[in-house]
Structures are given as structure tokens and as C-alpha cells.
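Below, each chain spelled out in residue letters.
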Amino acid sequence: MNRFTNKTILITGGSSGIGLAAAKAFTAEGARVVITGRDAAALEQAKAALASDAVAVANDASDTAAAKALAETLTAANLRLDGIFINAGVAKFAPFADVDEAFWDEIFNTNIKGAYFQIQALLPLLNPGASIVINGSINARIGMPNTSVYAASKAAVISLARTLSAELLPRGARVNVLSPGPVSTPIYGKLGLDAATLEATAAQIQNQIPLGRFGTPEEIAATVLHLSSPESAYIVGTEIIADGGMSQL
């Protein structure tokens, strides 16, 4: 299929994991993709794995000034957007008693403040009928210990999508949330856990998933493509959960 031929899709946090899987999937269906991330080297490596017309822009998703700079870069390149996947995020966990303001700010600045102002800055570049998909999390739906800040940031994302859906509909834009459950991505390696603890934690989580396994980035990307395509034109302001049944069964 070539559902995205002659379409341009922006993916934040597009150099690895779900973001890169989505970039590859969009490219395979004819889209020109723009990926962002903080690691310039990782971005260039990801760009090399995509089509020749892919665009990679170093950008800090937590920085509101960077959001404006991204919009200016795309405007200068004469690029307009048919879809945005707000995927960049921070996942860090800590007991409630150990959380400090810096920990809170790091997560909220990226997961919700950054998302909010990135969408705001990119709004003038959206073509009619554009889709915005925000990466949520089932942690907003379950009471998993040590995730109080992360879960709260993702709950805010879900609320933001509903409000923006109502506000942006007159502009022809749809906003939805995709909330993954546990997915095999590099993000788990960034939790600061030693190998043994990481393995034990993964096994404990896997036992809570009815399907008995972690999801793959490609499975999540497939749902992002669906929410971004004309086939989902009647899906507005909602949340799709892809978690192997973890929060549902």
C-alpha cells in the first residue's frame, strides 16, 4: 500500500525504538519523513536507514525555544505537514518519597510541556486533514508503583489530545493518543538499572501481560499509521491502547 504517497510526516524522537519503526513504516508507504532527536549521530544513522529524501533535525523536545526553531527550519525548507507523531518522551521511575523537583521537571518538560508547545509551533504548517498522534502510556491507566510522575505526565497527554481535538477540528486536524504497554525498545536500557535488575524487572512485567510477551516497535508503528491515515478519519479525540491486554484483562 502507498497510503502516504506525497505526504510529509514529522516524528519526534525518531532515531530509535517506536519512533524509528514508525519512520520506516511511513517511508515504506510512500511518505517523506522528518525525524527529530537530541543525538545528532543517532539521527544521521537513522536517516541513512530511511529514504533518500528523509530529513533529520537535531531538536530537544523539552525546549520550547527549540519547538519554534523546528517550525522555522521546516518553513525555510518549504515543508508542510500531513501528520505529526509526538513520540519523544522521558520514562523514569522513582518512589514517591524520592521524587524531587528536578525529576518532575525533566519528565513533564518533555512529555507534556514539550508536546504542547511543539504542536502549537507546528500548527501553521499543517495541511487540511492532517493527523496528530501523541504517544501516551498505559501507566496513565494503572496504579504501578514508582511511576507517579511519569503516569501523571501521560494522563495529561490524554487530556490534551481530547481538548486539542475539539479546538483543532475547525482547522481540519485530528488529534488522538496511542498508549502502548510494555514494548521492547532502548528506553528500558535508560532506566539506570543493572543488567540483573533489568532482566528481573522485565520478567515481572511480562508476567502481567496476558499475551505473555512485550510488544514490538513495529506493532505500535502499525497503529500510528492507521491513526494517521484517511482510513481513521472518523476517529477523533480518542485513545487507542496497545498493551497485549495488560490494562484491559
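Residues numbered from 1 in each chain as written. Predicted model: local features only at pLDDT ≥ 70, side-chain atom pairs only at ≥ 80, totals over all residues. Heavy atoms only, no water.

Draft legend 1. Inspection of the side chain of Asn139 at higher detail. Within the secondary structure, Asn139 is located in the loop between strand E5 (126-135) and helix H5 (148-168). If we ignore the near neighbours within four places in the chain, the residues touching Asn139 are Met144, Thr147, Tyr150 and Ala151. (Helix = DSSP H or I, 4+ residues; strand = E, 2+ residues; numbered from the N terminus. Contact = heavy atoms within 4.5 Å.)

Draft legend 2. Representation of the nonpolar core in the model. Ranked by size, the top nonpolar core spans 38 residues in total, and within it Leu74, Leu81, Ile84, Leu122, Leu126, Ile132 and Ile134 carry the most contacts. Elements that contribute at least two residues to this core include exactly strand E3 (55-58), helix H3 (64-76), strand E4 (81-86), helix H4 (101-122), E5, H5 and strand E6 (174-180). The leading source of residues in this core is H4, at 8 residues. If near-sequence neighbours (up to four positions away) are discounted, Leu122 is found in contact with Leu10, Leu70, Ala71, Leu74, Leu81 and Ile84. Counting 25 residues, the second-largest nonpolar core is a separate cluster that includes Ala23, Val33, Val133 and Ala221. (Core = buried A, V, L, I, M, F, W, Y, C linked by side-chain atoms within 4.5 Å. Buried < 20%, exposed > 50% of the residue type's maximum accessible area, 1.4 Å probe, protein only.)

Draft legend 3. Quick look at the packing of aromatic side chains. Per the counting criterion, the structure on display carries 4 aromatic pairs. Seen from their ring centres, Phe4 and Phe26 are 4.9 Å apart, and the 80 degrees between their planes marks the pair as edge-to-face. With a gap of 22 residues between them, Phe4 in the segment before strand E1 (8-11) and Phe26 in helix H1 (residues 17-28) connect regions that are remote in the sequence. Neither residue differs from the other here; Phe4 and Phe26 are each classed as buried. Here the aromatic rings of Trp104 and Phe108 are separated by 4.2 Å at their centres, their planes lie at 5 degrees, and the arrangement is stacked. One end of the pair, Trp104, and the other, Phe108, are both in helix H4, 4 residues apart, so they sit about a helical turn from each other. Exposure remark for Trp104: the relative accessible area of 38% places this residue in the partly exposed category. Residue Phe108 is classed as buried on the basis of its relative accessible area of 16%. (Phe/Tyr/Trp six-rings, centres within 6.5 Å; stacked < 30°, edge-to-face > 60°.)

Draft legend 4. Just the pattern of salt bridges, in detail. Applying the stated criterion to the full structure yields 5 salt bridges. We note a salt bridge from Arg3 to Glu231, for which the minimum N-O separation is 3.1 Å. Taken together, the residues Arg3 in the segment before E1 and Glu231 in the loop between helix H7 (217-228) and strand E7 (239-242) connect sequence positions 228 residues apart. Between Glu239 and Arg141 there is a salt bridge, with the nearest N and O atoms lying 2.3 Å from each other. In this pair, Glu239 is assigned in strand E7 and Arg141 in the loop between E5 and H5, connecting sequence segments 98 residues apart. Overlapping salt bridges bring together Arg3, Glu29 and Glu231 as one network. (Salt bridge = Lys/Arg side-chain N within 4 Å of Asp/Glu carboxyl O.)

Draft legend 5. Quick look at the pairing of strand E2 (residues 32-37). Among the 6 residues that make up E2, 5 are buried, leaving the element largely enclosed by the rest of the structure. As judged from the 4 bridges shared by E1 and E2, these two strands associate in the parallel manner. The partner of Leu10 across the bridge, within E2, is Val34. The parallel pair E1 and E2 is bridged by H1, and the resulting crossover is right-handed. (Pairing = 2+ DSSP bridges. Right-handed = clockwise from strand over helix to strand, strands pointing away.)

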